[in-house]
Amino acid sequence: MKALYIPLLVLAGLLSFALWTGFYVQQRTTEWQEMLSLADELAQKEQWEEAEDQIQRSYANWNQSQTFFHTIMEHEELDEAESLFATAFAACDERDVPDFHAALAALLSKFSLLSETQQISIKNIL
């Protein structure tokens, strides 16, 4: 019976880490989505300086999580998000509302997918 304690503790630790990771990723992506939605609203109102500040804050916040995210996620997914940020920055610089909105929509969708991949669900297990 004592021989089962260590494997059960390891399994409990891994399960706890997986649950925490899913929660952490969901919390962070929700935060970024809120920031980008605000940037989109500001751009719709032609408040480009504020929109640019908001997307800059979102990107800085995104960069703070990159070391951890690169250890738990596929790099291609994270690289795609980086590319979408670059597209959003370019559209913001050009003051192009439709392109900016489209770039932010793609980025919001990417964040939803990143969060979904870290959730414990039958779809992710199988």
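Residues numbered from 1 in each chain as written. Predicted model: local features only at pLDDT ≥ 70, side-chain atom pairs only at ≥ 80, totals over all residues. Heavy atoms only, no water.

> Would you mind going over unusual backbone geometry with me for this structure?
Comment: phi is negative for the bulk of residues other than glycine, and the bulk of peptide bonds are trans. If you check the backbone angles, E46 has positive phi at about 65° while not being a glycine. Tracing the backbone shows E46 in the loop between helix 1 (5-44) and helix 2 (48-64). Judged by relative accessible area, E46 falls into the exposed class, the value being 52%. Phi at R95 takes a positive value of approximately 60°, unusual for a residue other than glycine. Structurally, the position occupied by R95 is in the loop between helix 4 (75-93) and helix 5 (97-117). (Helix = DSSP H or I, 4+ residues; strand = E, 2+ residues; numbered from the N terminus. Buried < 20%, exposed > 50% of the residue type's maximum accessible area, 1.4 Å probe, protein only.)

> Whenever I open this one, the packing of aromatic side chains confuses me. Can you help?
The relation between two aromatic rings is expressed through the spacing of the ring centres and the mutual angle of the planes. Per the counting criterion, the structure on display carries 18 aromatic pairs. Here the aromatic rings of Y59 and F89 are separated by 5.6 Å at their centres, their planes lie at 85°, and the arrangement is edge-to-face. Here F89 lies in helix 4 and Y59 lies in helix 2, a separation of 30 residues in the sequence. For Y59, a relative accessible area of 22% gives the class partly exposed. Pairwise contacts between aromatic rings join F17, W20, Y24, W32, Y59, W62, F68, F69, F85, F89 and F111 into one cluster. (Phe/Tyr/Trp six-rings, centres within 6.5 Å; stacked < 30°, edge-to-face > 60°.)

> Looking at this structure, how should I read the nonpolar core?
One recurring pattern in soluble globular proteins is that nonpolar side chains are buried together. I55, W62, F69, F85, F100 and F111 are the most contacted members of the largest nonpolar core, which has 29 residues in total. Among the secondary structure elements, those contributing two or more residues to this core are helix 1, helix 2, helix 4 and helix 5. Setting aside its immediate chain neighbours within four residues, F69 contacts Y24, V25, R28, W32, W62 and L78. (Core = buried A, V, L, I, M, F, W, Y, C linked by side-chain atoms within 4.5 Å. Contact = heavy atoms within 4.5 Å.)

What is shown is where atoms sit, not what they do.
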